[in-house]
Amino acid sequence: MAEPYYITTAISYPNGVPHIGHAYEAIAADAIARFQRSQGRDVRFQTGTDEHGLKMAQAARVEGVEPADYADKMSANFKAMCDALDVSYDRFIRTSEPDHHRASQAIWRAMEANGDLYLGRYEGWYSVRDEAFYDASELTGEGEERRSPQGTPVEWTVEESWFFKLSAYQQPLLDHYVAHPEFIQPDSRRNEVLRFVEGGLNDLSISRTSFDWGIKVPGSDDHVMYVWLDALTNYLTGLGYPDGGELFDRYWPANVHLIGKDVVRFHAVYWPAFLMSARIALPKQVYGHGFLLSRGEKMSKSVGNVVEPVGLAERYGVDALRYFLLREVTFGQDGSYSHEAIVGRVNAELANSFGNLAQRSLSMVFKNLGGVLPAQGEAEEDHALLEIVRTACHETLPAEFERFAFAAGLEAWMAAVYACNAYVDTTAPWGLKKTDPDRMAAVLGTLVTAVRELALAVQPIIPGSAAKLIALIDSGEGGQSIAQPTPIFPRLELDAADPE
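Residues numbered from 1 in each chain as written. Predicted model: local features only at pLDDT ≥ 70, side-chain atom pairs only at ≥ 80, totals over all residues. Heavy atoms only, no water.

Peer 1: Looking at this model, I keep getting lost on the sheet that holds strand 6 (residues 155-164). Mind explaining?
Peer 2: Note on sheets: strands pair through backbone hydrogen bonds, and any given pair is parallel or antiparallel. In spatial order, the strands read 5-4-6-8; together these four strands make up an open sheet with antiparallel pairing. Bordering the open sheet on either side are strand 5 (132-134) and strand 8 (204-205), each of which pairs with just one other strand. Sheet topology note: the strand 6/strand 8 ladder contains two bridges and is antiparallel. Following the sheet pairing, Phe164 is matched in strand 8 by Leu204. Relative to strand 6, helix 10 (residues 264-277) is tilted by about 30 degrees, and along the sheet it contacts strand 5, strand 6 and strand 8. (Pairing = 2+ DSSP bridges. Helix = DSSP H or I, 4+ residues; strand = E, 2+ residues; numbered from the N terminus. Contact = heavy atoms within 4.5 Å. Axes fitted to C-alpha atoms, helices over the stretch in contact; angles between N-to-C directions.)

Structure representation (structure tokens):
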């Protein structure tokens, strides 16, 4: 049976419409899931929306609707984004769904049974935007300008609350980080978490009484769960917790929680502590990727540089956008995008290099050989080219993708594409039709073999385009004639309306 692999994204908070950062994480997770499937693994991929908490209640109030109705409307935007971007999730989970309420109350009871919960009074700084509590030492500014580490406003909050004995898990967490250095990646995130935990952990407030849009604390009519305890439990809900069963037994613990760097603390400190308390195995890895910046600036509504991803995909093409985001940015670090960068990268690498290679190779087969695919050549230069392609597609790219180094894997892939184009220029098959038609056929057969290998390797990144190309080539099996090929990557043009 194929080895299981469970990957999740952070579930998106739908108090606004999706932006390009949401798309970036979904696309990256999808590329990982598709790559692991291509390696023969049995993949489970989950994404979704985190729909409870004060932010959602406030946003619904502004619109004059009930929180549940607002959540229905806004969550649909995120699901539509994933579908438009060809994200191959197995479950799109919503924390307002009944099975998630049951799972969240079950993990609460498990933590309570372990003696880790107690009723007290919370007084401290809370960020509504982050749905997070912060120690005074973490804040910047004074008075009304006081801000969290994320730059969000905080307010002094006083209310009765249930607390989780997070302090009791400081050493167990540190021991886990040492025993499993791969647990938090990349290393820069791991170092940040280590410093935070080594500085000491305070018990964590895990319930609220100031609003009621959330999951009820078991046995209480007044308290709802802290939204992060509720949200993090989604990773278990999607596998059938607390009932267990085939999905849970097969896929838990998760191989990787893919998240943004701004929520690493919740996933690498609070979540493993909750799981330790509930006697549930910890995930194998938490990977905190960087931010996607617009021309080097963090996107925000106030600056006016927030980009709606579906419109961007409609303009440039889904696969073109997917390719750009994973090729341009070193995954794990912050990266920047612009209209010029998208057009330049896609034209140079997809349209002019790979797309042109596929188009002219298959067009020559259609024109000169009646669309019948010839066998690959047996000359030394033919074998040399195919060895370059094989090494890139079956060794270098998979090794890089396995560690989420998409840009490095695609760099190796592009080097093989360039080698193919150089081979075309050297062999000049268009001039062989009259002088050596057998050699022309061998060259074209070599190119078709190479193009198919390249398409298969890059399919996790550009699934739709690669599938069309592979299908065209495979239609020529058994001596059948292929249809006349059409360009899979038309050249892009900058719009005069694009910001400079």
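The structure having been displayed, the exposition proceeds.
Peer 1: Is there a simple way to explain the pairing of strand 4 (residues 117-127) in this structure?
Peer 2: Every other side chain in a regular strand lies on the same face of the sheet, so the side chains alternate between the two faces. In the sheet, strand 4 pairs with strand 6 via 10 bridges, with the strands oriented antiparallel. Pairing of Tyr126 across the sheet is with Glu155, part of strand 6. Sheet topology note: the strand 4/strand 5 ladder contains three bridges and is antiparallel. Bridging across to strand 5, Ser127 finds its partner in Ala132. Hairpin remark: strand 4 followed by strand 5, antiparallel, with four residues in the connecting loop; positive phi at Glu131, about 50 degrees.

Peer 1: Honestly, the packing of helix 15 (residues 406-427) against helix 17 (residues 437-458) in this entry has me stumped. Any pointers?
Peer 2: Two packed helices can be described by the angle between their axes and the distance between those axes. As a packed pair, helix 15 and helix 17 sit with axes 11 Å apart at the nearest point and diverge in direction by 170 degrees. When the interaxial angle is binned, helix 15 and helix 17 end up roughly antiparallel. Residues Leu410, Trp413, Ala416, Val417, Cys420, Tyr423, Val424 and Thr427 of helix 15 lie in contact with helix 17, whose contacting residues are Arg439, Val443, Thr446, Leu447, Ala450, Leu454, Ala457 and Val458. (Parallel < 35°, antiparallel > 145°, perpendicular 65-115°, else oblique.)

Peer 1: Got a minute to help me understand helix 5 (residues 170-179) in this structure?
Peer 2: Helical geometry: 3.6 residues make up each α-helical turn, so side chains three or four residues apart lie on a common side. Of all the residues in helix 5, the buried ones are Leu173, Leu174, His176 and Tyr177. One side of helix 5 holds all its buried residues, which, seen down the axis, span an arc of 160 degrees. Helix 5 presents Val178 and Ala179 as exposed residues on the side facing more than 90 degrees away from its buried surface. Buried residues along helix 5 sit in contact with strand 7 (184-185), helix 6 (187-198) and helix 10. (Buried < 20%, exposed > 50% of the residue type's maximum accessible area, 1.4 Å probe, protein only. Arc of directions from axis to C-beta.)

Peer 1: What is the right way to read the environment of Asp86 from this model?
Peer 2: Looking at where Asp86 falls in the secondary structure, it is placed in the loop between helix 3 (67-84) and strand 3 (91-94). As a C-alpha pair, Asp86 and Thr486 span 400 residues in sequence and 22 Å in three-dimensional space. The contact partners of Asp86, leaving out residues within four places of it in the chain, are Asp30, Arg34, Val318, Arg322, Pro463 and Gly464.

Peer 1: When you look at the pattern of salt bridges in this model, what are you seeing that I'm missing?
Peer 2: Should the charged atoms of two oppositely charged side chains come close, the side chains can pair. Tallied over the full model, the rule gives 30 salt bridges. We note a salt bridge from Arg41 to Glu3, for which the minimum N-O separation is 3.1 Å. Of this pair, Arg41 sits in the loop between helix 1 (20-38) and strand 2 (42-49) while Glu3 sits in the segment before strand 1 (4-9), placing them 38 residues apart in sequence. Residues joined in a network through salt bridges with shared partners are Arg327, Glu328, Arg345, Glu349 and Glu411. (Salt bridge = Lys/Arg side-chain N within 4 Å of Asp/Glu carboxyl O.)

Peer 1: How should the packing of aromatic side chains be read in this particular structure?
Peer 2: The geometry of two aromatic rings is summed up by the distance between their centres and the angle between their planes. Counted by the stated rule, this structure contains 22 aromatic pairs. Ring pairing ties together the aromatic residues Tyr24, Phe35, Tyr287, Phe331, Phe401, Phe404 and Phe406, which thus form one cluster. Above the plane of the ring of Tyr13 lies Lys55, whose end atom (NZ or CZ) is 4.1 Å from the centre. Just above the ring of Phe196 sits the side chain of Arg265; from NZ or CZ to the centre is 3.9 Å. (Phe/Tyr/Trp six-rings, centres within 6.5 Å; stacked < 30°, edge-to-face > 60°. Lys NZ or Arg CZ within 6 Å of the ring centre and 35° of its normal.)

Peer 1: Would you take a moment to explain the sheet that holds strand 12 (residues 286-289) for this structure?
Peer 2: On the basis of which strands lie adjacent, the open sheet formed by six strands has the order 3-2-1-11-12-7 and parallel pairing. This sheet does not close on itself; its edge strands, each paired only once, are strand 3 and strand 7. Relative to strand 3, strand 2 runs parallel, the two being bridged by four bridges. Across the sheet, the residue bridging to Gly48 is Ile93, located in strand 3. Across the sheet, helix 10 touches strand 7, strand 11 (256-260) and strand 12, and the angle it forms with strand 11 is around 140 degrees.

Structural measurements only, silent on function.
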